[in-house]
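Next come the chains, spelled out residue by residue.
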Amino acid sequence: MRNPLIGLAGKPNVGKSTFFSAATLASVPIANYPFTTVKANVGITYVAVDCVCREFGVQDNPVNSACIGGRRFIPVKMVDCPGLVPGAWEGRGLGNQFLDEVRKADVLLLVVDAAGSTDMDGKPCKPGLNDPLQDVAFLEKEFDMWIFQILKKDWDRIARKAETLGENIVGVLSEKLAGLQIRRQDVFRAVDELGLQAKKPTRWTEGELQNLAKRLRKLAKPLLIVANKIDLEPAEENVARLREAGYAVVPCSAEAELVLRRADEKGMIEYKPGDKEFKILQPQKLTVEQTSALRAVEEKVLKKFGSTGVQEALDFALFRLLGMVAIFPVEDVEKLTDHEGRVLPDCYLVPPDTGARDLAGMIHSELAETFIYAVEAKSKRRVGEDYRIKHRDVIKIVSSKGRA
Ligand SMILES: Nc1nc2c(ncn2[C@@H]2O[C@H](COP(=O)(O)OP(=O)(O)O)[C@@H](O)[C@H]2O)c(=O)[nH]1
Ligand SMILES: [Mg+2]
């Protein structure tokens, strides 16, 4: 089953790497490591859902994920992309390298310095001097121009060939854009919404190609604004301005999350990602500096914003923007166990509108072919292949083969 990839993008110095370090700090040890090769800038982070263990009143034995205080943490991959500067699409800065990383992402966390303490090129400046709204505008333009440039390359030849051979332009474009995680259904929708289906591809104007690029980017790379550095004074007003402009925004302090996770890792505090508070375990063991750093996080971030925003941003990206559905497969719907008797061992993420047979195929291709029906454990109801998997469903697949 293909797990989604979260891309961290933004200007230099806005806090992407801090966010990455905090989010990938292994506070959640998992036995069954699902990813093999991991590059330096690719890490494992977790999205969290309310586990079903409490609803069923059982003690679970998580395998592919972790259950902490009733929250189930599910691993997903995240890539920290090199910083983007204006003109990256033309190769400025680390432009090409950047775009090569972002190509594979399914959803983007656009990290901005909400305190306005970094200039357009990512150099530190006095807080409040830079406008994060302008950053968002330039970053969106970079993405759009990048896709536009790919579309435009060889366009005349491709358009002529498609017309001559009577090929469907949606198919041709989908092939061209496949490496960017742009799906055929996105291409179809974008072409349709712009009324381009009725027009010969050789007649599509440059402006129409630009609009198409923009539309495709919005469909295929949904983005969440991570308004970072909210611990600094001018940030709060900018968060409001970003929201007024219609963006999905999560206020965030990556640095605060890093402080908390490191303190938790060392056993100084008890803190679970996403929490609105933490507990100091052994106050006498903390230095004065450590205590004051923790108090600052409490006062400037947690009390004001309800959390550091790191976990919230990850969860928002996967569950709200991508509409992913968390599902617990089991073999025994009474005991909620797998074939080894482990209770609610796994939690998987599946795309929206996944059907019961699709799910069977994601678990094991053979299971889709021999699928008979499924059982939804909360209602103990038998459901057919077209049943749409719901968020936090517990599902048993029944097949003619019987699964090994
Ligand atoms: N005040 C504040 N500074 C932060 C925060 N997150 C990151 N920084 C600082 O911003 C600077 C750039 O961070 P870094 O993660 O390297 O940014 P990147 O270039 O986007 O990867 C560093 O000095 C960080 O300590 C935050 O939440 N609050
Ligand atoms: Mg960095």
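Asker: So what's going on with helix α8 (residues 206–220)? Which residues, and what values?
Answerer: Under the 1.5 Å per step criterion, the end-to-end length of α8 is 21 Å for 15 residues, consistent within 8% with the ideal 21 Å. Turning to α8, its buried residues are L209, L212, A213, L216, R217, L219 and A220. End-on view of α8: buried residues confined to an arc of 165°, all on one side of the axis. Residues of α8 that are buried sit in contact with α4 (132–152), α5 (155–165), α6 (169–177), α7 (184–193) and β6 (223–228).

Asker: How would you summarise the pattern of salt bridges if you had to cite specific residues and measurements?
Answerer: Counted according to the given criterion, the structure contains 26 salt bridges. Of the charged contacts, one joins E193 and R189 as a salt bridge, the two residues approaching to 2.9 Å between their closest N and O atoms. One end of the pair is E193 and the other is R189, both in helix α7 and 4 residues apart, which spans about a single turn. One network of salt bridges, with partners in common, ties together D50, R71 and D315.

Asker: Give me the lowdown on the domain arrangement of the protein chain, citing residues and values where you can.
Answerer: Interfaces are often described in size by the accessible area the parts lose on coming together. Domains assigned within the protein chain are domain 1 (5–143 + 222–320), domain 2 (148–218) and domain 3 (343–399). Contact residues are listed per partner, giving 21 residues for domain 1 and 12 residues for domain 3. Of the roughly 1300 Å² buried between domain 1 and domain 3, counting both surfaces, carbon and sulfur atoms make up 64%. The largest share of the area that domain 1 buries against domain 3 comes from V52, F56 and N64, three residues that together contribute 33% of it. Taken together, the links from domain 1 to domain 3 amount to 2 salt bridges. A salt bridge links K378 to E55, with the nearest nitrogen and oxygen atoms 3.6 Å apart. Where domain 1 packs against domain 3, one counts 7 residue pairs in polar contact (both at pLDDT 80 or more).

Rules behind the numbers
- Residues numbered from 1 in each chain as written.
- Chains lettered and ligands numbered in written order.
- Predicted model: local features only at pLDDT ≥ 70, side-chain atom pairs only at ≥ 80, totals over all residues.
- Heavy atoms only, no water.
- Helix = DSSP H or I, 4+ residues; strand = E, 2+ residues; numbered from the N terminus.
- Expected span 1.5 Å × (residues − 1).
- Buried < 20%, exposed > 50% of the residue type's maximum accessible area, 1.4 Å probe, protein only.
- Arc of directions from axis to C-beta.
- Contact = heavy atoms within 4.5 Å.
- Salt bridge = Lys/Arg side-chain N within 4 Å of Asp/Glu carboxyl O.
- Domains from an automatic or database assignment.
- Buried area = accessible area lost by both parts, 1.4 Å probe.
- Polar contact = N/O pair within 3.5 Å; in protein donor to acceptor, adjacent residues only side chain to side chain.

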